[in-house]
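Notes for the structure review
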Amino acid sequence: MKQYKNVTVIDHPLVQHKLTILRDKSTGVKEFRELVEELSLLIGYEVTRNLTMEETEIETPICKTKSKVIAGKKLGFIPILRAGLGMVDGMLSLVPAAKVGHIGLYRDPETLKPVEYYCKLPSDVAERDLIVLDPMLATGGSAAAAISFLKDKGAKSIKLVNLIAAPEGIQTVIEAHPDVEIYVGAVDEKLNDHGYIVPGLGDAGDRLFGTK
Ligand code: PRP
Ligand code: URA
């Protein structure tokens, strides 16, 4: 597989095992939702690996001691609606105090270009480490637009998390936003003529919410 600068593929066996079940077309809505949440937690564990730490003094039942806690800037999770919503609870189970901002984008089926329809962000996005969440990185149009939007609002620290990415989408985001680190569960083969990831998992939003 091609190596990309700024892209980390989480090839942990649990992630790969759960992705296989997620991709399977016989996996139903309930299990699909559970898997998206579990995968987000597992990938989120790696995404948060380099959070800044500081020492604090505590007292155990035995003695006083210094011990580490997370320091530095606060986190913000930014799901891209709709499918990104499925990733929020998994991430929040790791960092329950994080704020959550929503960006509503859908991909026009004809042009494959992202169309924005909603945005509500924490007022202090400029001061937060932001993690953009979307299960699928296909052409990369939606993710690149969401990141541009956050930068327009003053955001300086942004990471992107996807469960499955296409090489085309990675390239788009790397070119538009070389400062953004991308974390993915898998990099698939290609896009088909309709802009779907091959082999992928189909339409993430529809499988997550049982629509179509
Ligand atoms: C899907 C997916 C991404 C986007 C990826 O959303 O969740 O947001 O497509 O495609 P891109 O990389 O080519 O932009 P969709 O537009 O289907 O909306 P939905 O989540 O509301 O179903
Ligand atoms: N959006 C999806 O949900 N799936 C794809 O394969 C591409 C875009």
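These remarks concern the structure in this document. (Residues numbered from 1 in each chain as written. Chains lettered and ligands numbered in written order. Predicted model: local features only at pLDDT ≥ 70, side-chain atom pairs only at ≥ 80, totals over all residues. Heavy atoms only, no water.)

Side chains that differ in sign of charge can pair as their charged atoms come close. The full count for this structure, using the stated rule, is eight salt bridges. The residue Lys30 makes a salt bridge to Glu34 at a minimum N-O spacing of 2.8 Å. Here Lys30 pairs with Glu34, and both are found in helix 2 (residues 29-47), just four residues apart, close to one helical turn. Under the relative-accessibility criterion, Lys30 is labelled exposed at 60%. Between Asp124 and Arg128 there is a salt bridge, with its nearest N and O atoms 3.0 Å apart. Shared partners join several salt bridges into a network, and the residues in it are Arg82, Asp206 and Lys212. (Salt bridge = Lys/Arg side-chain N within 4 Å of Asp/Glu carboxyl O. Helix = DSSP H or I, 4+ residues; strand = E, 2+ residues; numbered from the N terminus. Buried < 20%, exposed > 50% of the residue type's maximum accessible area, 1.4 Å probe, protein only.)

As a further point, take the site of ligand 2. Close to ligand 2 lie Arg107, Met136, Ala138, Gly195, Tyr196, Ile197, Gly202, Asp203 and Ala204. In this structure, Ile197 approaches ligand 2 through a main-chain N or O atom, which is 2.8 Å from an oxygen atom. Contact distances for ligand 2 include 2.8 Å between an oxygen atom and a backbone N or O atom of Ala204. Relative to its unbound accessible surface of 240 Å², ligand 2 loses 87% to contact with the protein. (Near = heavy atom within 4 Å. Polar contact = N/O pair within 3.5 Å; in protein donor to acceptor, adjacent residues only side chain to side chain. Areas by Shrake-Rupley, 256 points an atom, 1.4 Å probe, with all protein chains shown as cover.)

Remember that the coordinates give geometry; whether it matters functionally is a separate question.
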